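If you want the building blocks of each chain, they are given just below.
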Amino acid sequence: AARSTNSRPVSILVADTEMLSQVTVIIVTFNSAHCLPALGKALTQLPHVIVVDNGSDDNCATQTPVHLPQAQVLALPANLGFGAANNRALAQVQTPFALLLNPDCEITPQAVEQLLRTAAQWPEVAMVAPQLLQANGQPEVNYRWPHLLWHSRGPAVTEGPACVGFVCGAAMLLRMSAYQGQFFDEQFFLYYEDDDLCTRLFKQRQAMLVDPAATATHRSRGSVRGRSPLRSEYLRGYHHAQSKLIYARKYQSTAAARQQQRKLLWQTALALPLRLLAYNPRLLARMWGRLQGVRHWKPL
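What counts, and at which threshold
- Residues numbered from 1 in each chain as written.
- Predicted model: local features only at pLDDT ≥ 70, side-chain atom pairs only at ≥ 80, totals over all residues.
- Heavy atoms only, no water.
- Phe/Tyr/Trp six-rings, centres within 6.5 Å; stacked < 30°, edge-to-face > 60°.
- Helix = DSSP H or I, 4+ residues; strand = E, 2+ residues; numbered from the N terminus.
- Buried < 20%, exposed > 50% of the residue type's maximum accessible area, 1.4 Å probe, protein only.
- Axes fitted to C-alpha atoms, helices over the stretch in contact; angles between N-to-C directions.
- Parallel < 35°, antiparallel > 145°, perpendicular 65-115°, else oblique.
- Left-handed = near helix turned anticlockwise from the far one by under 90°.
- Contact = heavy atoms within 4.5 Å.
- Nonpolar A, V, L, I, M, F, W, Y, C, P; charged D, E, K, R; others polar.
- Expected span 1.5 Å × (residues − 1).
- pLDDT = per-residue confidence, 0-100.
- 1 Å grid on protein atoms, 1.4 Å probe; cavity = no way out; pocket = protein on both sides within 12 Å on 5 of 7 lines; lining within 4 Å.
- Points joined across faces, edges and corners; volume = space filled by probe spheres on them.
- Pairing = 2+ DSSP bridges.

**Describing the packing of aromatic side chains**
1) Next: Under the criterion given, the structure shown has 6 aromatic pairs.
2) Next: Between Tyr 234 and Tyr 238 the ring centres are 6.2 Å apart and the planes differ by 25 degrees, which places this aromatic pair in the stacked class. On the criterion of helical spacing, the pair formed by Tyr 234 and Tyr 238 is a turn pair, its members being 4 residues apart in helix 7 (residues 229-251).
3) Next: Residue classification places Tyr 238 among the buried positions, given a relative accessible area of 19%.

Following this line, the structure appears as structure tokens:
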């Protein structure tokens, strides 16, 4: 510790550079230039960073070196989807660990160190996740058991490291050796790619932990702006519906996915007039996208 001029002790947090050199931070951006200043401040002590830009139209790829000079930038010509973009970065990783981080997530070097310590304590663990916090500091429930098996019950916040069956893809530390090059299933363009990855790990009896001693602030739905916010909301709804049905077909059956498709179609069609009455352009665009995603889905 150092002392200030009024003789009161001031705590100085110094990152363990050797420990942080074991991890590569991966960030997938899409019209996320507004997130770069906060990411630059949070990750300044992380030496290995890969930013994959999914064809943004807000100059995100060209602005990244200003805020993250240490980052390797993979500028894709078009939006390949969240899982596919992460796969492109994961193929470049040379460190024992990779930390997947959404652009709207902020994490400190000390929290990253805590995740790495937890991974070292349990070398059989394939994934470690921090406790996500909302922007107001309240805990966000970012973990559960596989929902196709049973419904999770109990406290929203664990008191210590806990073995779980799913963690939210907004922030997850991967032990690279546990995956043998098999990461995200690219048929999931957006949403449910984290469900799919965790379901595969669960079926393979690979352990996943959440450690509340490490936290990250998640400004949910804050990663995308761009020139067409209503189109972004439409695409959220469209891909969420598509991915939900892809997941049902993959882990249940085509018949179950078809049944869910019919249920979603009727639910969304009946709710749409109510959404028109309580007019909210963003929510309306998202619901219209959901309806189209359900209508257009076809099993392979």
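**Structural notes on the packing of helix 6 (residues 193-203) against helix 7**
1) Next: Where helix 6 contacts helix 7, the two axes come as close as 11 Å, and the packing angle between them is 20 degrees. In terms of axis orientation, helix 6 runs roughly parallel to helix 7. Considering how the two elements wind past one another, helix 6 and helix 7 form a crossing that is right-handed. Facing helix 6, whose interface residues are Asp 195, Asp 196, Thr 199, Arg 200 and Lys 203, helix 7 presents Tyr 247, Lys 250 and Tyr 251.
2) Next: Grouping the constituent residues of the contact of helix 6 with helix 7 by class yields 2 nonpolar, 1 polar and 5 charged.

**Focus: unusual backbone geometry**
1) Next: Positive phi is not limited to glycine here, since Tyr 191 has a value of about 80 degrees.
2) Next: The backbone phi angle of Tyr 192 is positive, close to 70 degrees, even though this residue is not glycine.
3) Next: Inspection of the secondary structure assignment puts Tyr 192 in the loop between strand 12 (171-175) and helix 6.
4) Next: Exposure remark for Tyr 192: the relative accessible area of 12% places this residue in the buried category.

**Digging into helix 8 (residues 254-277)**
1) Next: For helix 8, spanning 24 residues, the distance from its first C-alpha to its last is 35 Å, which sits close to the expected 34 Å at 1.5 Å a residue.
2) Next: All of the buried residues in helix 8 are Ala 257, Gln 261, Leu 264, Thr 268 and Leu 272.
3) Next: Summarising the contacts, the buried residues of helix 8 are in contact with helix 7 and helix 9 (281-296).

**With respect to the environment of Ala 257**
1) Next: Tracing the sequence through the fold places Ala 257 in helix 8.
2) Next: As for Ala 257 and Pro 299, which are separated by 42 residues in sequence, their C-alpha atoms are 8.4 Å apart.
3) Next: Other than its neighbours up to four places away in sequence, Ala 257 contacts Leu 245, Ala 248, Arg 249 and Trp 297.

**Some words on the confidence of the model for the chain**
1) Next: Mean pLDDT for the chain: 91, with 94% of residues reaching 70 or above.
2) Next: For residues 1-12, every residue scores under 50 in pLDDT, and the model assigns this stretch 7 contacts once sequence neighbours within four places are set aside.

**Here's the deal with empty space enclosed by the protein**
Empty space among the atoms can be located by rolling a probe the size of a water molecule over them.
1) Next: One pass over the full model with this rule turns up 1 cavity of 30 Å³ or more.
2) Next: In this structure, the largest cavity occupies an estimated 30 Å³ of space.
3) Next: Around the largest cavity sit Arg 144, Pro 146, His 147, Gly 165, Phe 166, Asp 195, Cys 198, Thr 199 and Tyr 247, which together line it.
4) Next: Broken down by element, the residue count for the lining of the largest cavity peaks at 3 residues, all from helix 6.
5) Next: Taken together, the residues of the lining of the largest cavity sort by class into 4 nonpolar, 3 polar and 2 charged.

**Some details on the pairing of strand 6 (residues 97-101)**
1) Next: Burial runs high along strand 6: 5 of the 5 residues are buried.
2) Next: A two-sided burial pattern is seen for strand 6, the buried positions comprising Phe 97, Leu 99 and Leu 101 on one face and Ala 98 and Leu 100 on the other.
3) Next: Judged from the 4 bridges that link them, strand 3 (residues 23-29) and strand 6 form a sheet pairing that is parallel. Among the inter-strand pairings, Ile 26 is bridged to a residue of strand 6, identified as Leu 100.
4) Next: Pairing of strand 6 with strand 12, which is carried by 5 bridges, proceeds in the antiparallel orientation. Residue Leu 101 lies in a different strand from strand 12, and its bridge partner there is Ala 171.

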